[in-house]
Amino acid sequence: DSGVTQTPKHLITATGQRVTLRCSPRSGDLSVYWYQQSLDQGLQFLIQYYNGEERAKGNILERFSAQQFPDLHSELNLSSLELGDSALYFCASSVVTGDNEQFFGPGTRLTVL
Amino acid sequence: GENVEQHPSTLSVQEGDSAVIKCTYSDSASNYFPWYKQELGKRPQLIIDIRSNVGEKKDQRIAVTLNKTAKHFSLHITETQPEDSAVYFCAASWEGNKLVFGAGTILRVKS
C-alpha cells in the first residue's frame with residue numbers, strides 16, 4: 001500500500017457523460033500527478049499540482065480538468081466522454097517537486113460504453 | 001519533445017537467468033531515472049531509481065546503470081524468479097516534475 005488512495009476503483013459510463021475521479025495523496029505530500037494508461041498509449045502524464053497550484057501540464061485534453069483542494073486532495077474531471085477515454089487513471093504523489101519518488105495510487109479503471 | 005525509448009518490448013528468460021532492459025532518453029537535462037514494475041491491473045511500483053550524479057546503483061538482485069554521455073540507462077535483474085514476471089517501465093524526469101515513461105517491457109520468467 002503506497003498511502004495514496006483513489007476513488008472509485010471502477011467506473012462505467014456512457015459516451016457524452018462527465019465523471020470525477022478523486023485522489024488523496026500520502027500524508028505530507030504536496031505534489032499530485034495524474035497519469036492516463038491506455039493499451040495503445042502507455043503511461044501518459046496529464047497534469048501536476050503542487051500545494052494547490054497547477055505546476056505542469058502534459059497531453060491533457062481540453063475536455064479534462066483537474067484541481068487540488070486546500071486539504072491537498074485532487075480531483076480529475078473528464079467531460080464529454082468518448083470511447084477512447086477508456087483507460088486506467090493513476091494519481092501519484094511526492095513530497096515536493098524535483099527528483100523525488102512518486103508514489104502511485106491503485107488507479108481508477110474508466111470504461112466508456 | 002521529451003521522449004524515452006525502451007527495448008525490448010517483450011523478454012522471455014529462463015528462471016535463474018539474467019534480464020536486461022534498456023532505455024534511451026532524449027533530453028540531456030534529465031536528472032532522475034526510476035524503474036517501475038507493474039503487475040496486471042495494479043499500480044506501478046518503484047523498484048529502483050538513479051540520479052544523474054551516480055553511474056550505478058544496486059539493490060539485491062536488481063541494478064541500474066546510467067550513461068549520461070550516451071543518454072542510456074539500463075535495468076539488470078539477476079537470478080530471475082517467476083515472481084519477477086510483470087511489465088517494467090523506465091522513466092525520466094526533467095524540469096523536476098513529470099515522469100515521461102518508456103513504452104514498457106513485458107518480462108516472462110519461465111520455470
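Above this note sits the structure.
Residues numbered from 1 in each chain as written. Chains lettered and ligands numbered in written order. Predicted model: local features only at pLDDT ≥ 70, side-chain atom pairs only at ≥ 80, totals over all residues. Heavy atoms only, no water.

A. Quick look at the overall build of chain A. Summing up its helical and strand segments, chain A has zero helices and eleven strands in all. The order of α-helices and β-strands along chain A, N terminus first, is β-β-β-β-β-β-β-β-β-β-β. Over its C-alpha atoms chain A spans a radius of gyration of 13 Å, differing by no more than 12% from the 13 Å that the globule rule assigns to 113 residues. With the C-alpha coordinates aligned to their principal axes, the bounding extent of chain A is approximately 35 × 30 × 25 Å. Here chain A holds 113 residues, and 50% of them are scored as buried. Just so you have it, chain A exposes about 5300 Å², and 47% of that area is on carbon and sulfur atoms. Charged side chains of chain A number 8 positive and 12 negative; the gap between the two group centres comes to 4 Å. (Helix = DSSP H or I, 4+ residues; strand = E, 2+ residues; numbered from the N terminus. Rg over C-alpha atoms; globule rule 2.2 N^0.38 Å. Buried < 20%, exposed > 50% of the residue type's maximum accessible area, 1.4 Å probe, protein only. Areas by Shrake-Rupley, 256 points an atom, 1.4 Å probe, with all protein chains shown as cover. Lys, Arg positive; Asp, Glu negative; His and termini not counted. Charge placed at Lys NZ, Arg CZ, Asp CG, Glu CD.)

B. Representation of the packing of aromatic side chains within the structure. Throughout the structure, instances matching the rule amount to 14 aromatic pairs over all chains. Judged by centre distance (4.8 Å) and plane angle (45 degrees), the rings of B:Tyr25 and B:Phe33 are tilted. In this structure B:Tyr25 comes out as buried when scored by relative accessible area, which is 4%. Look at B:Tyr25 and B:Phe73: their rings are 6.0 Å apart centre to centre, the planes differ by 55 degrees, and that puts the pair in the tilted class. Here B:Phe73 lies in strand β8 (residues 72-77) and B:Tyr25 lies in strand β3 (residues 19-25), a separation of 48 residues in the sequence. Taken as a pair, B:Tyr25 and B:Phe73 share a single burial class, namely buried. Grouping aromatic residues by their ring pairs yields a cluster made of A:Tyr33, A:Tyr35, A:Phe45, A:Phe90, A:Phe104, B:Tyr36, B:Phe89 and B:Phe101. Here the basic side chain of A:Arg26 rests over the ring of A:Phe103, its NZ or CZ set 3.6 Å away from the ring centre. (Phe/Tyr/Trp six-rings, centres within 6.5 Å; stacked < 30°, edge-to-face > 60°. Lys NZ or Arg CZ within 6 Å of the ring centre and 35° of its normal.)

C. Looking closely at the state of the cysteines. Residue and element names in this part refer to chain B. Enumeration over the complete set of coordinates arrives at two disulfides over all chains. Across the disulfide, Cys23 is cross-linked to Cys90 (sulfur-sulfur distance 1.9 Å). Every disulfide takes its handedness from the sign of the S-S torsion; for Cys23 and Cys90 that torsion is -100 degrees, giving left-handed. Linking Cys23 in strand β3 with Cys90 in strand β9 (residues 86-93), this pair joins segments that are 67 residues apart in sequence. Taken as a pair, Cys23 and Cys90 share a single burial class, namely buried. (Disulfide = S-S within 2.5 Å.)

D. Summary view of the pairing of strand β7 (residues 64-68) of chain A. Residue and element names in this part refer to chain A. Residues Phe64, Ala66 and Gln68 point to one face of β7 and are all buried, whereas Ser65 and Gln67, pointing to the other face, are not buried. In this sheet, strand β8 (residues 74-78) lies alongside β7 in antiparallel orientation, the contact comprising five bridges. Bridging from a neighbouring strand, Ser65 pairs with Asn77 of β8. Linkage of β7 to β8, two consecutive antiparallel strands, is achieved through a turn of five residues, within which Leu72 is found at a positive phi near 80 degrees. (Pairing = 2+ DSSP bridges.)

E. Seen up close, the interface of chain B and chain A. Opposite the 16 residues of chain B that make contact, chain A presents 21 residues. Buried area between chain B and chain A, summed over both chains or domains, comes out near 1600 Å², and the portion from carbon and sulfur atoms is 55%. Taken together, the connections running from chain B to chain A amount to zero salt bridges. Listed by contribution, the elements that provide at least two residues to the side of chain B that touches chain A are β4 (32-38), β5 (45-51) and β10 (99-101) of chain B. (Contact = heavy atoms within 4.5 Å. Buried area = accessible area lost by both parts, 1.4 Å probe. Salt bridge = Lys/Arg side-chain N within 4 Å of Asp/Glu carboxyl O.)

F. A look at the environment of B:Ile21. Residue and element names in this part refer to chain B. If you trace the backbone, Ile21 turns up in strand β3. As a C-alpha pair, Ile21 and Glu39 span 18 residues in sequence and 17 Å in three-dimensional space. Not counting chain neighbours up to four residues away, the residues in contact with Ile21 comprise Gln6, His7, Pro8, Leu11, Trp35, Phe73, Ser74, Leu75, Tyr88 and Thr105.

G. Spatial organisation of the pattern of salt bridges. Taken as a whole and assessed by the stated rule, the structure comprises nine salt bridges over all chains. A salt bridge links A:Glu75 to A:Arg22; the nearest nitrogen and oxygen atoms lie 4.0 Å apart. In this pair, A:Glu75 is assigned in strand β8 and A:Arg22 in strand β3 (residues 19-24), connecting sequence segments 53 residues apart. The residue B:Lys37 makes a salt bridge to B:Glu39 at a minimum N-O spacing of 3.9 Å. Where salt bridges share partners, they join A:Arg63, A:Glu82 and A:Asp85 into one cluster.

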